[in-house]
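# Inside the fold
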Amino acid sequence: MESRREKNLMAEEESDSLIAARRIQRLSLHISPSLTPPSSLPLVQTETCSARSKKLDVDGQALSLYMRGKHMDIQEKIFEFYNSRPDLQTPIEISKDDHRELCMNQLLGLVREAGIRPFRYVADDPEKYFAIMEAVGSVDMSLGIKMGVQYSLWGGSVINLGTKKHRDKYFDGIDNLDYTGCFAMTELHHGSNVQGLQTTATFDPLKDEFVIDTPHDGAIKWWIGNAAVHGKFATVFARLILPTHDSKGVSDMGVHAFIVPIRDMKTHQTLPGVEIQDCGHKVGLNGVDNGALRFRSVRIPRDNLLNRFGDVSRDGTYTSSLPTINKRFGATLGELVGGRVGLAYASVGVLKISATIAIRYSLLRQQFGPPKQPEVSILDYQSQQHKLMPMLASTYAYHFATVYLVEKYSEMKKTHDEQLVADVHALSAGLKSYVTSYTAKALSVCREACGGHGYAAVNRFGSLRNDHDIFQTFEGDNTVLLQQVAADLLKRYKEKFQGGTLTVTWSYLRESMNTYLSQPNPVTVRWEGEDHLRDPKFQLDAFRYRTSRLLQNVAARLQKHSKTLGGFGAWNRCLNHLLTLAESHIETVILAKFIEAVKNCPDPSAKAALKLACDLYALDRIWKDIGTYRNVDYVAPNKAKAIHKLTEYLSFQVRNVAKELVDAFELPDHVTRAPIAMQSDAYSQYTQVVGF
Ligand SMILES: Cc1cc2nc3c(=O)[nH]c(=O)nc-3n(C[C@H](O)[C@H](O)[C@H](O)COP(=O)(O)OP(=O)(O)OC[C@H]3O[C@@H](n4cnc5c(N)ncnc54)[C@H](O)[C@@H]3O)c2cc1C
């Protein structure tokens, strides 16, 4: 294999006719921008490749069709709408205040002019809702988040945490944007630790009202989207305080959600007792008006308690179908996982955009080359392939995994199946944190891969990076969310040994504990043939083995440390181990979904391209963690070397179909509008931007 690849890398001979063809085509691009880009020209490396290295002939249409979501139509409608409205397109340079107004107008345009009503899909067709969110987010990420705050957070809390009376009263106003609103959970002193919130809602039985109070500065609601300028209502998360007839006088029933009007419906003036401040200019997402809210004895009717999981009667009696504060809190947060699902999905959208820009640019950009020969595309450099091809493979992997997550979430919304609820909760936490962390790093890699041109604001990496960065923190900090995945795995590990059932996504653990934790087979640890390394069974076994080992070891460590350090101390002592376990599990789920997607692809050429990407994803991940596999002799030294070589080779092969793979994302031109990545005549586009 090495000699073949060395041959590829050494391939420098290009026939005279090919050189001439390349030059003619490059010149013609300056005349006719619609011609095929140079990426389709013969590549230096491929010309002398052996049969094994031949470029796959991929049916791009079939691949696109397979990748297309069910709701491409509504996405196209959205793109057409904004394309037809230059006044609603976000310019490169814009002040915070103008951006906020533009973003509100973009949302109003979508709802009132284009007639797209996202709220209708929040509960009834979440797949369609996420497709809309992905499309508007690619127009301007601030718009995607503004829409998410209005419909998923504010609207979603009303319909998911409230009951019929709330739906009847608020649905239409939220839907048509008359009732703009906020989701006021985070406080200055408490972000991740939601159970520690300090805002209070005290029931006044004389007036049949709740009184909302901010008891101290640390309880000011902070970072609240839509609060600084546009919101008229807020769903406020506060401790429910009920009067009692005992010596204590009051009882704290834990965190509940309340609808609190914050601005006058007609005048838009801030209502009495409510103070609103602006959180100011942010690193990104400046189209969203984040603000801080303080409440001073703000009275709201009893009906404004979102009472699905707990209610207060006229005489102040508390009722709930759930027995404990913790169970009610869990159920409340469980209803809010939609936001995480949306962020994971949207983050893959951002990854697709940035990978597309960087790869198209790398196909077009030429630097250096063999002596006395034309310069070569920078994507022909092994280092550039190493940066971008595993990323492209990962983008595909995350695409299929998040599509699966959205499907499961929709199913959960319909069936309310308890096991599915638990499964979606952990999967959304894991995928949100894993994918958003990956995309955040990938954005920097893409910027760098485009050299100096990647730094021009017009080429989008700056805004993509700044706007996306916070995806790692809001809707649950990634480090905190990964711990929920680890906790869930440990719970299921315990259940397994107590004979409990495992939910669908997790069921491999049952098998893996028995199969994978026995000593690795001394023969297979040495197998290094390409067929074996590209066998999905080998790849999945390797991922599952790693997760099973991490799980078993950390369970033992926790048990040991808890004797001396207690539960909290033991958890903290093993925290890094737990995070690695959670990531390993999520990677395993991602790979399983990718393998399934390859298997189900009906078109042979598209399937072959997907198989290449899937193998690259799997082997690159194994190689990145090769130390772990070597340490336990799961992989012998010769096999480790073979994995590395094959990973490089697959990167090269994926490079040869990179154009088809990015084209299959079918991102509209305005989304990848970075001039450096335009399909045709990149450089003249670029010079136009700077005014030549
Ligand atoms: C632009 C923006 C928009 C937002 N919009 C809203 C909104 O509309 N509504 C709303 O309610 N909130 C909103 N938020 C708040 C957001 O949800 C919180 O910032 C987030 O939940 C994290 O909380 P925190 O900022 O207090 O971070 P912290 O919880 O203080 O975290 C700080 C650091 O400590 C680490 N850490 C914390 N706990 C642990 C632990 N147990 N183990 C290990 N490490 C830990 C974290 O990993 C992190 O690195 C928004 C925030 C921003 C920046």
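Just so it is clear, the model here is predicted, and its values are computed rather than measured.

Another aspect to go through is the overall build of the protein chain. Scanning the protein chain for helices and strands turns up 24 helices and 13 strands. Considering the protein chain as a whole, with its 692 residues, one finds that 58% of them fall into the buried category. In the protein chain, once contacts between residues fewer than 6 apart in sequence are set aside, the share between residues at least 24 apart is 75%. Put simply, the protein chain shows about 29000 Å² of open surface, and 53% of that area lies on carbon and sulfur atoms.

Right, let's talk about the pattern of salt bridges for a bit. This model, assessed by the stated rule, comprises 40 salt bridges. The salt bridge partner of K593 is E596, with a shortest N-O separation of 3.1 Å. Remark: E596 and K593 occur in helix 19 (residues 575–600); sequence separation between them is three residues, near one turn of the helix. Under the relative-accessibility criterion, K593 is labelled buried at 14%. Taken together, the shared-partner salt bridges in this structure form one network comprising K96, D97, R100 and D278.

Of the pockets and cavities examined, the second largest pocket occupies roughly 880 Å³. Lining the second largest pocket are 47 residues, and of these M67, G69, Y345, H399 and V403 lie nearest its centre. Where the lining of the second largest pocket is concerned, the elements lending two or more residues are helix 3 (60–67), helix 4 (72–83), helix 7 (126–139), helix 8 (141–161), helix 11 (337–364), helix 12 (382–415) and helix 19. Per element, the largest residue contribution to the lining of the second largest pocket is eight residues, and it comes from helix 7. Counted by class, the lining of the second largest pocket contains 26 nonpolar, 11 polar and 10 charged residues.

Within the structure, the ligand sits among 17 residues, and F183, T186, S192, W223 and D477 are positioned closest to it. Taking G191, its main chain carries an N or O atom lying 3.3 Å from an oxygen atom of the ligand. At a separation of 2.5 Å, an oxygen atom of the ligand approaches a polar side-chain atom of S192. Burial of the ligand by the protein chains amounts to 65% of its free accessible area of 970 Å².

Before going further, it helps to examine empty space enclosed by the protein. For the structure on display, the rule yields seven cavities of 30 Å³ or more. By volume, the largest cavity is sized at about 110 Å³. Residue lining of the largest cavity: 13 residues in total, with V122, S152, G338, G339 and Y409 positioned closest to the centre. For the lining of the largest cavity, the secondary structure elements donating two or more residues are helix 7, helix 8 and helix 11. Examining the composition of the lining of the largest cavity, we find that four residues originate from one element, helix 8, more than from any other. Grouping the constituent residues of the lining of the largest cavity by class yields seven nonpolar, five polar and one charged.

Before going further, it helps to spend a moment on the packing of aromatic side chains. All chains considered together, the criterion is met by 26 aromatic pairs. Ring geometry for Y629 against Y634: centres 5.6 Å apart, planes inclined by 45°, an arrangement best described as tilted. The same class applies to Y629 as to Y634, namely buried. Taken together, the aromatic side chains of Y66, Y396, F400, F594 and F665 make up a single cluster linked through ring pairs. When the ring centre of F543 is taken as origin, the NZ or CZ atom of R546, which lies over that ring, is 5.2 Å away. In this structure, K593 is placed above the aromatic ring of Y404, and the distance from its NZ or CZ to the ring centre is 3.9 Å.

What follows is about the sheet that holds strand 7 (residues 274–278). Hydrogen bonding along the main chain pairs the strands of a sheet, whether they run parallel or antiparallel. With respect to topology, three strands assemble into an open sheet ordered 4-8-7, the strand pairing being antiparallel. This sheet does not close on itself; its edge strands, each paired only once, are strand 4 (221–225) and strand 7. Strand-to-strand twist of the sheet, defined as the mean angle between neighbouring strand axes without regard to direction, takes the value 35°. Bridge count between strand 7 and strand 8 (residues 290–295): five bridges; the pairing is antiparallel. From the neighbouring strand, I276 faces strand 8, where its bridge partner is L293.

It is worth spelling out the packing of helix 19 against helix 20 (residues 604–624) at this point. Remark: helix 19 packs on helix 20, axes separated minimally by 9 Å, with the N-to-C direction vectors making an angle of 160°. When the axes of helix 19 and helix 20 are compared, the pair comes out roughly antiparallel. The interaxial crossing formed by helix 19 with helix 20 has left-handed handedness. Every residue of helix 20 that contacts helix 19 at E587, I590, L591, F594, I595, V598 and K599 is listed here: K607, L610, K611, A613, C614, Y617, A618 and R621. Its residues assigned to classes, the contact of helix 19 with helix 20 comprises 10 nonpolar, no polar and five charged.

This part is about helix 10 (residues 325–334). Taken as a whole, helix 10 has its buried residues at R328, F329, A331, T332 and G334. Where helix 10 is buried, its residues touch helix 8, strand 5 (233–243), strand 6 (250–261), strand 11 (318–319) and helix 11.

Time to look at unusual backbone geometry. The phi dihedral of L285 is positive, around 50°, even though this residue is not glycine. As for its placement among the helices and strands, L285 is situated in the loop between strand 7 and strand 8. We note that E666 has phi near 55°; this positive angle belongs to a residue other than glycine.

Moving on, we get to the nonpolar core. Residues Y151, I359, L392, Y396, F594 and Y617 are the most contacted members of the largest nonpolar core, which totals 150 residues. Residues contacting Y151, with those up to four places away along its chain left out, are L107, V111, P118, F119, V122, Y129, G156, I174, D175 and L177. Grouped together as the second largest cluster of nonpolar side chains are 26 residues, A184, A227, V260 and V298 included.

Two numbers describe how helix 12 lies on helix 19: the axes approach to 8 Å, and their chain directions differ by 90°. In this view, helix 12 runs roughly perpendicular relative to helix 19, as classed from their interaxial angle. Here A393, Y396, A397, Y398, F400, A401 and Y404 of helix 12 lie close against helix 19, whose contacting residues are I590, K593, F594 and A597. Partitioning the contact of helix 12 with helix 19 into residue classes produces 10 nonpolar, no polar and one charged.

Thresholds, definitions, all that
- Residues numbered from 1 in each chain as written.
- Predicted model: local features only at pLDDT ≥ 70, side-chain atom pairs only at ≥ 80, totals over all residues.
- Heavy atoms only, no water.
- Helix = DSSP H or I, 4+ residues; strand = E, 2+ residues; numbered from the N terminus.
- Buried < 20%, exposed > 50% of the residue type's maximum accessible area, 1.4 Å probe, protein only.
- Contact = heavy atoms within 4.5 Å.
- Areas by Shrake-Rupley, 256 points an atom, 1.4 Å probe, with all protein chains shown as cover.
- Salt bridge = Lys/Arg side-chain N within 4 Å of Asp/Glu carboxyl O.
- 1 Å grid on protein atoms, 1.4 Å probe; cavity = no way out; pocket = protein on both sides within 12 Å on 5 of 7 lines; lining within 4 Å.
- Points joined across faces, edges and corners; volume = space filled by probe spheres on them.
- Nonpolar A, V, L, I, M, F, W, Y, C, P; charged D, E, K, R; others polar.
- Near = heavy atom within 4 Å.
- Polar contact = N/O pair within 3.5 Å; in protein donor to acceptor, adjacent residues only side chain to side chain.
- Phe/Tyr/Trp six-rings, centres within 6.5 Å; stacked < 30°, edge-to-face > 60°.
- Lys NZ or Arg CZ within 6 Å of the ring centre and 35° of its normal.
- Pairing = 2+ DSSP bridges.
- Axes fitted to C-alpha atoms, helices over the stretch in contact; angles between N-to-C directions.
- Parallel < 35°, antiparallel > 145°, perpendicular 65-115°, else oblique.
- Left-handed = near helix turned anticlockwise from the far one by under 90°.
- Core = buried A, V, L, I, M, F, W, Y, C linked by side-chain atoms within 4.5 Å.

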